[in-house]
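Architecture at a glance
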Amino acid sequence: MRFVKGHGTENDFVILPDPDGVLDLTPEAVARLCDRRAGIGADGVLRAVRTKATEFDADAEWFMDYRNADGGIAEMCGNGVRVFARYLVDAGLAPPGEWDLATRAGLRRVTLGPSGDVSVEMGLPELLGPGEASLAGASFAGERVSVGNPHLACRVTEPVAALDLSHAPDFDPAVFPAGVNVEFYRSVGERHVEMRVYERGSGETRSCGTGTVAVAAAAARGTADGAEWTVDVPGGRVTVVLDGETSFLRGPAVLVAEGETRPGWI
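Before going into details, it helps to say that this report is about the structure given with it. (Residues numbered from 1 in each chain as written. Predicted model: local features only at pLDDT ≥ 70, side-chain atom pairs only at ≥ 80, totals over all residues. Heavy atoms only, no water.)

**Overview of the packing of aromatic side chains**
Aromatic rings considered in pairs are described by the distance between their centres and by the relative angle of their planes. Counted only if it meets this: Between the rings of Phe, Tyr and Trp (Trp by its six-membered ring), a pair exists once the centres lie within 6.5 Å; its type follows the angle of the planes, with under 30 degrees stacked, over 60 edge-to-face, and the other angles tilted. The cut-offs for exposure are 20% and 50% of the maximum accessible area for each residue type, with area from a 1.4 Å probe on protein chains only; residues under the lower value are buried, those over the upper are exposed, and the others partly exposed.
One pass over the structure, following the stated rule, counts four aromatic pairs. Centre to centre, the rings of Phe 56 and Phe 63 are 4.5 Å apart; their planes meet at 20 degrees, and the pair counts as stacked. With a relative accessible area of 1%, Phe 63 lands in the buried category.

**Things to note about the pattern of salt bridges**
For the record, the criterion: Within this document, salt bridges are pairs made up of a side-chain nitrogen of Lys or Arg and a carboxyl oxygen of Asp or Glu, the two lying within 4 Å of each other. Numbering of helices and strands runs from the N terminus, with a helix taken as a DSSP run of H or I at least four residues long and a strand as a DSSP run of E at least two residues long.
Per the stated rule, a full pass over the model turns up 19 salt bridges. Ionic pairing is found between Arg 50 and Glu 61, a salt bridge with its closest N-O pair at 3.3 Å. Here Arg 50 is found in strand β3 (residues 44-50), whereas its partner Glu 61 is found in the loop between β3 and β4 (62-68), with 11 residues between them in sequence. Residue Arg 50 is classed as partly exposed on the basis of its relative accessible area of 23%.

**Describing the nonpolar core**
Selection rule: Each nonpolar core is a collection of buried residues, namely Ala, Val, Leu, Ile, Met, Phe, Trp, Tyr and Cys, held together in the definition by side-chain atoms within 4.5 Å. By definition, residues are in contact when any of their heavy atoms lie within 4.5 Å.
Core analysis: the biggest nonpolar cluster contains 50 residues, and Trp 99, Leu 101 and Trp 229 have the highest contact counts within it. When residues of this core are assigned to their parent elements, the largest contribution, seven residues, is made by helix α2 (residues 78-90). Those residues in contact with Trp 99 that sit more than four places away from it in its chain are Ala 85, Leu 88, Val 89, Ala 94, Arg 108, Arg 109, Val 110 and Leu 112. The next biggest cluster of nonpolar side chains, apart from the first, holds 13 residues, and it includes Ala 133, Phe 140, Leu 152 and Cys 154.

**Examining unusual backbone geometry**
For Glu 10, which is not glycine, the phi torsion reads 65 degrees and is therefore positive. Of note in this structure, Arg 191 is not a glycine but carries a positive phi near 50 degrees. Structurally, Arg 191 can be placed in the loop between β12 (181-189) and β13 (192-199). On the basis of relative accessible area, Arg 191 is assigned to the partly exposed category, the value being 37%.

This is the structure in structure tokens:
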């Protein structure tokens, strides 16, 4: 099985080229690929398949089939989209420029050159009202946000590095029946926040693209549209732009390795 390894602000992925949609990608196979001790190691898997080979009816050549590290299917991944787009251009499967990718959360428009950062139109974040998470016996009020997938963005006053995210935050499963990505963020300047995230199906990750958009939307509530937000994550820095009609996520996308798994290993 051919693979490429890449990351966006250290949110890392195994990319599987499967243009004709012939791979039988089971949850067990995904979990084994993502295993950091016995596998390649990643926060998730991106299967690159032509949209015509899927059940999705979308006006885009490529579909990003995203799976979390535990093998579960997810709707969207902002860092994953950037890495996916960079892979397509690097492999000669798409030209530099501006075009659409199909995801389970709908089409996402990407803009990129032959190298460098990638920008993705992420759609309009949907603010759904208050929610709550608990961590290490403490409760945190947050904002429920949909960015095609569910988020709970919790504002804190202490540095986010002080939080213990070795265990999953608790939340009300009646409010989040499909699980939720929980972000903790703190303001560190004008339209500038720092963030850590515990992702459903993956645990704490070094970054979460949809999470940065969710946090920017929560932090910007009640402010003027058109603002550009800087979001610092443990793996680096991204930029989120909110204009009241959609959002844009811009940041690095880096390919680091490629190879082939041993016959019979999966």
